[in-house]
Amino acid sequence: MTARMLPPQFSELQPFVADWALPDERARYEKLAASDIPTLRVFYDAMMKRIDEIIVFLDTFPLDAMPPDAATLFDLALTFMETAHPIDLNWSITDIEDKFPAERFNFLPPSAPAGGARQTS
Amino acid sequence: MANAAQTVFRGAMDDLPTRVDIVDKLSPENYAREVERIFRRAWLPVAHLAELPREGSYVVVDVPTVRTSLLVMRARDGVVRAFHNICRHRGNKLVRAGTGCRPTVTCGFHGWSFAPDGRLAGVPDQAQFKDFDKNALGLIPVTTEVWEGLVFVNFDREPRWSLAEWLGPMYDQFAGYWDDKEKLTSYQAEFHCNWHLGVNAFTEGYHTLFLHKNTVPDYQGGRSNPLRHRPYMEMMQRHHRYSAPRNPDHKATPAEVFAFKYGRKLVPAYDGDSSKLPPGVNPARADNWAFDVIELFPNFVMLNSNNWHLGIWFWPVDAGQTVIRADRYLYKAKTAGERLGQAYSKVRAREVLREDLNTMEATQAALMSGVMRDIVLSQQELALQHHFKVTDDMLRDV
């Protein structure tokens, strides 16, 4: 399998791609829940150094038509945005105890219809 | 304009109970009466028009409360209708689940097919049926009406009120508000709790200082409103709404700064400018406005803000089991910067939701001991007082 490559100007983030350039909310949540704070902080700090430039760069492309290296960077940035809160909020663990377990959530894709109670397919 | 530290109350304030016999409310006997007198008479939102864009579009909505499944479809005439999702041959569930678009829907059992207007379109080997009247075997309809993009049904044989009467003064107050957004997330889960506890958990802000101190520590209130009093609360005949107070002293955390730098402010921040929004949103034009909470009695709670809205359904399965579904819509992102802000906010809001959802099962279990008869409700929990009053009114057939 070919590795997904980042644009060359962000090459120092390439080591994070395999684990952190994730495609959807469920995958990003699971990565967060499986990580400890020191691991998360390494990713967070590396991304915070470049995040402004990353967004400016990504904003030059149409949302639906990013070239592959920009799309990889976008997944990395989305995962950053979806996993930053424990560091932002100074938590000592990555998923606060005493919350409803996300494993019991049915993460429906945005195209799932509104309202209905038991969507068993 | 409403002052942030003092609540402005408006509407039907008489006879609101500050103590509620919760043991009675959670009982199976009471639940059975609620199914008959509330859920079989109320107008219930079930779907968004946005999910039915074309002729042949359909959506399956299971409604365990009245033990049915609905098939909501848009027909050639453009009209959206809801039917019981049951084949007229031998009662199989016609469409299993989900959403799609087809010229007819076909039962997997014997191939009977139905048109989007409910007509029985095709019967394989029809000549084998004696005295067969195809016209009498269309799908069983349910009274359906649409309001501002929300599809409502009513299970009463003859609804006692029109949808306009049911919604009351809010009917004309939201023109266009729900257009132009995209659904970003949708979560659903089953809970071992009564539906009242579910609705109650989402219709007061008193808990926010405590329950959400780790996830959104300073998103509401602030120095001039440290106890986070709602600036405005309005009790209507069946429904109620209140506005939540933004914290003007909210300090963006490091990643949050970048999340919203190239997009619009979203939770845990707020764009409090409601000047371009219709009159039903921030109805008192409160200063330091964050969002509104509206309970469409009995079981739908809407959170409306600038740039986003949330719809939460509480579908009772029985007196101790409820299915909860939360759909979040946001302004349509046009750039990566906007999409990244949405991602940051979506997850923060999800964590707040998980905290809200975590109280209900524990409360249900504790109340099932029967040791505590009454709950006590404050002025800041007026929506709960009103919810139980309206429940009692409908049970007494008022």
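From a predicted model like this one, the values you see are computed outputs, not experimental measurements.

J.: How would you sum up the overall build of chain B? Please name residues and give values.
T.: Each helix and strand in chain B was counted, giving eight helices and 20 strands. Judged by the C-alpha coordinates and their principal axes, chain B covers about 80 × 55 × 35 Å. Expressed as a percentage of the 398 residues in chain B, the buried residues total 49%.

J.: Account for the overall build of chain A, naming residues and giving values.
T.: When helices and strands are tallied, chain A shows five helices and one strand. Along chain A, from the amino end to the carboxyl end, the secondary structure elements read α-α-α-α-α-β. Across the 121 residues of chain A, 36% fall into the buried class. Considering only contacts in chain A between residues 6 or more positions apart, those separated by 24 or more positions represent 73%.

J.: Provide a residue-level description of the interface of chain A and chain B, including the pertinent values.
T.: Taken together, the 38 residues of chain A in the interface contact 52 residues of chain B. Elements with a minimum of two residues in the side of chain A that touches chain B: helix 3 (37-58), helix 4 (68-83), helix 5 (85-88) and strand 1 (106-108) of chain A. Here the side of chain A that touches chain B is composed, by residue class, of 22 nonpolar, seven polar and nine charged.

J.: So, the pairing of strand 12 (residues 150-154) of chain B: which residues are in play, and what are the values?
T.: Residue and element names in this part refer to chain B. In terms of burial, strand 12 is largely enclosed, as five of its five residues are buried. Residues Leu 150, Phe 152 and Asn 154 of strand 12 are buried on one face, and the alternating residues Val 151 and Val 153, pointing to the opposite face, are buried as well. In terms of strand pairing, strand 3 (residues 43-48) meets strand 12 through five bridges, oriented antiparallel. By the bridge assignment, Ala 47 is partnered in strand 12 with Val 151. Pairing geometry for strand 11 (residues 141-147) and strand 12, over five bridges, is antiparallel. The residue bridging Trp 147 from the neighbouring strand is Leu 150, located in strand 12. With antiparallel pairing between neighbouring strands as the criterion, strand 11 and strand 12 make up a hairpin whose turn holds two residues, including Glu 148 at a positive phi of roughly 45°.

J.: So, the nonpolar core: which residues are in play, and what are the values?
T.: Grouped burial of nonpolar side chains is what soluble globular proteins tend to show. Ranked by size, the top nonpolar core spans 125 residues in total, and within it Ala 77 and Met 81 of chain A together with Val 46, Leu 70, Leu 71, Val 72 and Leu 340 of chain B carry the most contacts. A total of 10 residues in this core trace back to one element, the largest contributor, which is helix 7 (residues 336-367) of chain B. Summarising the domain contributions, this core has at least three residues from each of domain 1 (8-39 + 180-395) and domain 2 (44-159) of chain B. Setting aside residues up to four positions removed in sequence, Leu 71 of chain B forms contacts with Tyr 58, Val 60, Phe 83, Asn 85, Leu 94, Val 95 and Val 105 of chain B.

J.: Now, about helix 8 (residues 382-395) of chain B: what can you tell me, with residues and values included?
T.: Residue and element names in this part refer to chain B. If you check helix 8, its first and last C-alpha atoms are 20 Å apart, about what 14 residues at 1.5 Å a residue would give, namely 20 Å. All buried positions along helix 8 are accounted for by Leu 382, Ala 383, Leu 384, Gln 385, His 386, His 387, Phe 388, Val 390 and Thr 391. Just beyond helix 8, the residue with positive phi is Asp 397, at close to 70°.

J.: Break down the sheet that holds strand 4 (residues 57-63) of chain B for me, with residues and values.
T.: All names here are of chain B. An order of 3-12-11-6-5-4-7 is seen for the seven strands of this open sheet, with the pairing classed as antiparallel. The open sheet has two edge strands with one neighbour each: strand 3 and strand 7 (99-101). Going across the sheet, the axis of each strand differs from the next one's by a mean of 30°, ignoring polarity.

J.: Give a description of the packing of helix 4 of chain A against helix 7 of chain B that names residues and reports values.
T.: Relative to each other, helix 4 of chain A and helix 7 of chain B sit at 30°, their axes nearing to 7 Å. Where helix 4 of chain A crosses over helix 7 of chain B, the handedness of that crossing is right-handed. Contacts between helix 4 of chain A and helix 7 of chain B involve Phe 74, Ala 77, Leu 78, Met 81 and Glu 82 of chain A on the former and, on the latter, Ala 336, Leu 340, Ala 343, Tyr 344 and Val 347 of chain B. Here the residues of the contact of helix 4 of chain A with helix 7 of chain B are counted per class, giving nine nonpolar, no polar and one charged.

J.: Outline helix 6 (residues 254-261) of chain B, listing residues and values.
T.: Turning to helix 6 of chain B, its buried residues are Ala 255, Glu 256, Phe 258, Ala 259 and Phe 260 of chain B. Against helix 3, helix 4 and helix 5 of chain A together with helix 7 of chain B lie the buried residues of helix 6 of chain B.

J.: Talk me through the packing of helix 3 of chain A against helix 4 of chain A; I want residue IDs and the actual numbers.
T.: If you want to describe how two helices pack, look at the angle between their axes and the distance between the axes. All names here are of chain A. Look at helix 3 against helix 4: their axes get within 9 Å of each other, and the N-to-C directions meet at 125°. With respect to each other, helix 3 and helix 4 are oriented oblique. With respect to the hand of their crossing, helix 3 and helix 4 are arranged in left-handed fashion. Contact residues: Leu 40, Met 47, Ile 51, Ile 54 and Leu 58 in helix 3; Ala 70, Leu 73, Phe 74, Ala 77, Phe 80 and Thr 83 in helix 4. Its residues placed into classes, the contact of helix 3 with helix 4 shows 10 nonpolar, one polar and no charged.

J.: Explain the pairing of strand 11 of chain B residue by residue, including any values.
T.: Bridge analysis of strand 6 (residues 80-84) of chain B against strand 11 of chain B gives two bridges, and the strand direction is antiparallel. Bridge pairing in strand 11 of chain B links Ala 82 of chain B to Val 142 of chain B.

So, how was this worked out
Residues numbered from 1 in each chain as written. Chains lettered and ligands numbered in written order. Predicted model: local features only at pLDDT ≥ 70, side-chain atom pairs only at ≥ 80, totals over all residues. Helix = DSSP H or I, 4+ residues; strand = E, 2+ residues; numbered from the N terminus. Buried ≥ 20, exposed ≤ 12 C-beta atoms within 10 Å, placed from the backbone. Contact = placed C-beta atoms within 7 Å. Nonpolar A, V, L, I, M, F, W, Y, C, P; charged D, E, K, R; others polar. Pairing = 2+ DSSP bridges. Core = buried A, V, L, I, M, F, W, Y, C linked by C-beta atoms within 7 Å. Domains from an automatic or database assignment. Expected span 1.5 Å × (residues − 1). Axes fitted to C-alpha atoms, helices over the stretch in contact; angles between N-to-C directions. Left-handed = near helix turned anticlockwise from the far one by under 90°. Parallel < 35°, antiparallel > 145°, perpendicular 65-115°, else oblique.

Purely spatial values, then, with no claim about function.
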